[in-house]
Amino acid sequence: MQRTEPMNLVYIMADQHRRDAMGCAGHPLVQTPNLDGLAARGVRFTHAYTNCPICVPARASFATGRYVNQIGYWDNGTPYDGRVPSWGHRLGEQGHHVTTIGKLHYRGVRDDTGFPDQRIPMHVHKGEGDVFGMVRDPVQRVPGSRKRILNAGPGESDYSHYDRAITEASVRWLHDEAPQYAAPWVLFVSLTCPHPPLRAPQEFYDLYPLDSVTLPDTFTAREWSNHPAIASLRTRNELDEELDETTVRKAIATYYGLCSFTDAHVGEVLRAIDDAGLAGTTRIIYTSDHGEMMGEHGHWGKSSMYESSVGIPFIMAGPDLPTGRVATENVSLVDSFPTILDGVGAGLEPEDMNIPGLSLWSVAVGDTTPQRTVFSEYHAAGSPTGIFMTRGERYKYVHYVGMPPELYDLDTDPEERHNLAAVPDYQGMREACERELRTIVDPEAVDAAAKAHQQAMIAAHGGLDSVVAAGPPFVQGTPTPAEFLIHRPDDDIKQ
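I will try to describe carefully the structure that is included in this document. (Residues numbered from 1 in each chain as written. Predicted model: local features only at pLDDT ≥ 70, side-chain atom pairs only at ≥ 80, totals over all residues. Heavy atoms only, no water.)

### Remarks on the nonpolar core
Right, on to step 1. Core analysis: the biggest nonpolar cluster contains 59 residues, and V10, I12, L174 and W300 have the highest contact counts within it.
Right, on to step 2. It is helix α9 (residues 245-275) that contributes the most residues to this core, 14 residues altogether.
Right, on to step 3. For L174, the residues in contact, after removing those within four places along its chain, are V10, P179, W185, L187, V269, A272, I273, A276 and L278.
Right, on to step 4. Counting 39 residues, the second-largest nonpolar core is a separate cluster that includes Y11, A48, A60 and I312. (Core = buried A, V, L, I, M, F, W, Y, C linked by side-chain atoms within 4.5 Å. Buried < 20%, exposed > 50% of the residue type's maximum accessible area, 1.4 Å probe, protein only. Helix = DSSP H or I, 4+ residues; strand = E, 2+ residues; numbered from the N terminus. Contact = heavy atoms within 4.5 Å.)

This is the structure in structure tokens:
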């Protein structure tokens, strides 16, 4: 196995960027020249996954290197607070500097999350996040959800302004501050786009004429999945009735525009690395916290185990990595914890030895690695039950507590239109997949634990009627920081 030499790391995370929405991933329309260039001089993973397809739990899992059920950050109302050690803690303890710029989605700046140097951080709303989303039985409709699709189009949003500020701060840090650190450092650049609101700056929206946009095969109601959990998500988001073709085309064009907008900012960061003379001593990782359904199966957003929601881009590049390599190994966000530590020359602590991830540097260079099963789970808004997924070399199994399972052959059915779970010829495969899932997690016990926590939180906020009456704190996304300032733990900031 090739040794990993300690080196600086710039880790870039977008928000809600689906795996296939890049030119380097073979998309015929989406223009991402900077990410394409990064993949051409690095390694692109084709089977990368989030461990939870919604923001707050995904980011808690990413920070700690553990599955959501192991750490108890279940939903967007249970933000990371430092209770479980992060890779930031480990790096700080071993003398490596970490700066984060942009979205973290933790509870707040005062918590010891292992990231003391947070620049213009976005955390959850009022330190609480979405308690309304904890109401899962009965699932609540979110007024205004449909409008975020109907109103898609060209324009600016707080998120586009925020991403410009994040990029500017990142470029400045690379030029002015990176040279002062002797030990390898980590810069975590966390962008908010292409997450809604679906407003793409005009020059990027104009890249995608509506007549060039291809509609998803499953965007019409007659093609929708009839699984009760997916129907529940559509109901929550006011998508019970199908959208017309023009609306869908406009929303997809806007999303593509936001992907290109994000790519442009990635390009600015990559150029800053080169201009600052850091290219020979710095590796780069690009990924996202989860994907985006973009109208498939009548669903927009994330929160499901379809590939478009749970699949993420993952690109690694650096002076010691292969160029233009496409890796087909299964990887997931929990691999980031050991990958980050290994990359800068830091070590795991004894209590980290049972983390589910592994360092990906040796995988990236092509060392033989057994194909792994990746795991994801969902216990949050819109789902009346716990959802668990495993993806092996060919088959994906989705387990719903108290509901019918799903089984897809991703080789022959990449669009996941044919559920094989009840097909007699696939009974043995379904049973084998369920057995493997149960070696990772006890679905019933975990589902009960998540719901017990959520019920307690609802009670603490005045009970079901009070939480429902208060409604969701936001529809389009978490508000950006009130001012784009450098926030440090000793600042007097109201959360």
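### Some points on the packing of aromatic side chains
Right, on to step 1. Applying the stated criterion across every chain yields a total of 16 aromatic pairs.
Right, on to step 2. Measuring from centroid to centroid gives 5.8 Å for F45 and F314, while their planes differ by 85 degrees, and the two rings are edge-to-face. Of this pair, F45 sits in strand β2 (residues 42-49) while F314 sits in strand β9 (residues 314-317), placing them 269 residues apart in sequence.
Right, on to step 3. Judged by its relative accessible area of 1%, F45 falls in the buried class.
Right, on to step 4. An aromatic cluster is defined as three or more aromatic residues linked by ring pairs; in this entry it consists of Y11, F62, Y73, Y80, W87, Y106, F115 and F188. (Phe/Tyr/Trp six-rings, centres within 6.5 Å; stacked < 30°, edge-to-face > 60°.)

### A look at empty space enclosed by the protein
Right, on to step 1. All told, the structure shown has five cavities of 30 Å³ or more when counted by the stated rule.
Right, on to step 2. Along its surface, the largest cavity is lined by 28 residues, and N76, R148, R236, K302 and V475 are the ones closest to its centre.
Right, on to step 3. Residue assignment for the lining of the largest cavity shows that the elements contributing at least two residues are α5 (145-150) and α8 (228-236).
Right, on to step 4. When the residues that make up the lining of the largest cavity are grouped by side-chain class, the tally is 12 nonpolar, 11 polar and five charged. (1 Å grid on protein atoms, 1.4 Å probe; cavity = no way out; pocket = protein on both sides within 12 Å on 5 of 7 lines; lining within 4 Å. Points joined across faces, edges and corners; volume = space filled by probe spheres on them. Nonpolar A, V, L, I, M, F, W, Y, C, P; charged D, E, K, R; others polar.)

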